[in-house]
Amino acid sequence: MKTIIAAYSGVLRGTGSNILSALQDLFWLLKSKVEKQLQIISVLQWVLTFLIMGIACTLILMYILCTDCWAIAALYLAWLVFDWNTPKKGGRRSQWVRNWAIWRYFRDYFPIRLVKTHNLLTTRNYIFGYHPHGIMGLGAFCNFSTEATGVSQKFPGIRPYLATLAGNFRMPILRDYLMSGGICPVNRDSIDYILSKNGSGNAIIIVVGGAAESLNCTPGKNSVTLRNRKGFVKLALRHGADLVPVYSFGENEVYQQVIFEEGSWGRWVQKKFQKHIGFAPCIFHGRGLFSSNTWGLLPYSKPITTVVGEPITIPKIDNPSQKEVDFYHSIYVDALIKLFDKYKSKFGLPETEVLEVN
């Protein structure tokens, strides 16, 4: 009898253990699914911000002006006039916004990683040249406009400012959202202020290739638009700001794009937009919202690894000659190629891969 009771108790204990194990497996499965959905939502909100937030907020503000709540819109417009030049003076960053949990989900969706190769002195100012542009510069945003990858821990005492189109800061609400992440206009007034009137320890991140580079980004291609991009070098010389090459492996892998050949009507339209508006419309697609096997606006979940290279010491020259600009530009190009060659095999590229510099 005692033997039967002992055996029965053992069965119950075994059954209880199995149920507990099954519940734990179910819990982790549900948790992973919830996390994946949160990652998708975090990326989707930024994609929509990038594509339509500026226009949508402008239209909503205009609509409110025509309703009984017009006073709210009028107050915001008055504030907008008063605050108009703030983006040109370093903006108004918020560590609270930069540390939002949503950015960690954004990071883990791809995932995105920031690699430090050298220390940066807090007594110096820097201009980071970010390459390549990709469709949306997702690595640049996540690494330098949020704390998701720990930029402040990796480079203590350095304040990063991601520079983007000045037109974004004429859009209501969007301008405030961008400034909260430490994003500033990519124009001379803004850069001059940060590098000359904001102390030391500043790092301005410029996506050097800009809209022209975005037109050629496609999976499997590593090319940068840099040969004739020398304005950032001249700025560095005028302020004595060290240049830092940055390459983001995987930035071109997250979207598929229709590439129009030079001389085609499609490329002509893109260049006209680029010339008169400042950005070039691209025909691209990623994955769908509910399935990775359908087309949509969500980027593909491909790893993006951003490597920050060794700073190049730049002297302060108030009026640099073209020869001096060309000299330091050539040093920068060589440093970027060396950075690419050193790390390409570590992040999934063959040793035979060559960085194309246009």
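The rules we used
Residues numbered from 1 in each chain as written. Predicted model: local features only at pLDDT ≥ 70, side-chain atom pairs only at ≥ 80, totals over all residues. Heavy atoms only, no water. UniProt positions renumbered as here; feature names shortened; annotations may be inferred. Phe/Tyr/Trp six-rings, centres within 6.5 Å; stacked < 30°, edge-to-face > 60°. Helix = DSSP H or I, 4+ residues; strand = E, 2+ residues; numbered from the N terminus. Buried < 20%, exposed > 50% of the residue type's maximum accessible area, 1.4 Å probe, protein only. Contact = heavy atoms within 4.5 Å. Pairing = 2+ DSSP bridges. 1 Å grid on protein atoms, 1.4 Å probe; cavity = no way out; pocket = protein on both sides within 12 Å on 5 of 7 lines; lining within 4 Å. Points joined across faces, edges and corners; volume = space filled by probe spheres on them. Nonpolar A, V, L, I, M, F, W, Y, C, P; charged D, E, K, R; others polar. Core = buried A, V, L, I, M, F, W, Y, C linked by side-chain atoms within 4.5 Å.

An unreviewed UniProt entry annotates the protein chain as Acyltransferase originating from Ficedula albicollis. As its UniProt record puts it under Sequence similarities (unreviewed entry), the protein chain is described as follows: "Belongs to the diacylglycerol acyltransferase family."

Student: Looking at this structure, I do not really get the packing of aromatic side chains. What am I missing?
Tutor: Ring pairs (aromatic) are described by centroid distance and by the angle formed between their planes. The final tally for this structure, using the stated rule, is 20 aromatic pairs. Taking 5.6 Å as the distance between ring centres and 20° as the angle between the ring planes, the aromatic pair formed by Phe-249 and Phe-340 counts as stacked. One end of the pair, Phe-249, is in strand 7 (residues 242-249); the other, Phe-340, is in helix 12 (residues 322-343), with 91 residues separating them in the sequence. Overall, the relative accessible area of 3% leaves Phe-249 in the buried class. Residue classification places Phe-340 among the buried residues on the basis of a relative accessible area of 0%. Residues Phe-327 and Tyr-328 carry aromatic rings whose centres are separated by 5.0 Å and whose planes lie at 80° to one another, so their mutual orientation is edge-to-face. According to the relative accessible area criterion, Phe-327 is partly exposed, its value standing at 47%. Residue Tyr-328 is classed as buried on the basis of its relative accessible area of 17%. Among the aromatic residues, those joined into a ring-pair cluster are Trp-46, Trp-96, Trp-100, Trp-103, Phe-106, Tyr-109, Phe-110, Phe-141 and Tyr-177.

Student: Mind showing me how you'd approach helix 10 (residues 231-239) here?
Tutor: An α-helical turn contains 3.6 residues, so any two residues separated by three or four positions project in the same direction. Judged by how many residues are buried, helix 10 sits mostly within the fold: 7 of 9 residues are covered. Buried within helix 10 are the following residues: Phe-232, Val-233, Leu-235, Ala-236, Leu-237, Arg-238 and His-239. Next to the buried residues of helix 10 lie strand 2 (126-131), helix 8 (188-196), strand 5 (202-207), strand 7 and helix 12. Immediately downstream of helix 10, the backbone of Gly-240 shows phi near 65°, a positive value.

Student: It is not clear to me how the sheet that holds strand 10 (residues 295-296) should be interpreted in this structure. Could you clarify?
Tutor: Neighbouring strands of a sheet are bound in pairs by backbone hydrogen bonds; such pairs are parallel or else antiparallel. Taken in spatial order, the 3 strands make up an open sheet running 8-9-10, and their pairing is antiparallel. In this open sheet, the two strands that pair with only one neighbour each are strand 8 (256-257) and strand 10. Taken together, the 2 bridges between strand 8 and strand 9 (residues 284-287) define a ladder with antiparallel strand orientation. Residue Gln-257 lies in a different strand from strand 9, and its bridge partner there is Phe-284.

Student: Teacher, can you tell me more about unusual backbone geometry here?
Tutor: A negative phi holds for most residues other than glycine; trans holds for most peptide bonds. Looking along the chain, the bond that leaves Phe-110 and enters Pro-111 is cis, with omega of -5°. With respect to the helices and strands, Pro-111 occurs in the loop between helix 4 (101-109) and strand 1 (112-116). Look at the link from His-131 to Pro-132: it is a cis peptide, with omega at -15°. On the secondary structure map, Pro-132 appears in the loop between strand 2 and helix 5 (138-144). The backbone phi angle of Ile-173 is positive, close to 70°, even though this residue is not glycine.

Student: Could you clarify how one ought to interpret the environment of Pro-132 in this entry?
Tutor: Taking relative accessible area as the criterion, Pro-132 reaches 2% and is therefore assigned buried. Sequence-distant contacts of Pro-132, that is, excluding residues within four places in its chain, are made with Glu-213, Ser-223, Tyr-247, Ser-248, Glu-251 and Asn-252.

Student: Help me understand the UniProt feature "transmembrane region" (unreviewed entry) in the protein chain, please; the structure alone is not making it clear to me.
Tutor: When the UniProt feature table is mapped onto this chain, "transmembrane region" (unreviewed entry) is found at residues 40-64. Within the segment residues 40-64, helix and strand shares are 100% and 0% respectively, and the terminal C-alpha atoms sit 31 Å apart.

Student: What exactly am I supposed to notice about the layout of surface pockets here?
Tutor: Leftover empty space is mapped by rolling, across the atoms, a probe with the size of a water molecule. Each pocket or cavity is described by its volume, and for the largest pocket that value is around 1,300 Å³. What lines the largest pocket is a set of 42 residues, among which Phe-50, Thr-164, Leu-165, Asn-168 and Phe-279 lie closest to the centre. Contributions of two or more residues to the lining of the largest pocket are made by helix 1 (2-65), helix 5, strand 3 (159-164), helix 7 (174-180), strand 5 and helix 9 (210-214). Among the elements that take part in the lining of the largest pocket, helix 1 stands out by supplying 8 residues, more than any other. Residues belonging to the lining of the largest pocket are distributed by class as follows: 29 nonpolar, 12 polar and 1 charged.

Student: Explain the nonpolar core to me, please; I cannot follow it from the model alone.
Tutor: If you look at soluble globular proteins, the nonpolar side chains tend to sit buried side by side. Counting residues in each nonpolar core, the largest one holds 46 residues, and the members touching the most others are Phe-106, Phe-110, Phe-128, Leu-138, Phe-144 and Val-308. With 6 residues, helix 1 is the single largest residue contributor to this core. Core analysis: the next-biggest nonpolar cluster, separate from the first, contains 35 residues, Ala-236, Leu-243, Tyr-247 and Tyr-343 among them.

Student: Explain empty space enclosed by the protein to me, please; I cannot follow it from the model alone.
Tutor: Counting across every chain of the model gives 3 cavities of 30 Å³ or more. As a volume, the largest cavity reaches approximately 70 Å³. The wall of the largest cavity is formed by Trp-46, Val-97, Arg-98, Trp-103, Phe-141, Ser-145, Thr-146, Tyr-177, Leu-178, Ser-180, Gly-181 and Ile-183. Mapped onto the lining of the largest cavity, the elements with two or more residues apiece are helix 3 (95-98) and helix 7. Considering every element that reaches the lining of the largest cavity, the biggest residue donor is helix 7, with 3 residues. Classifying every residue of the lining of the largest cavity by side-chain character gives 7 nonpolar, 4 polar and 1 charged.

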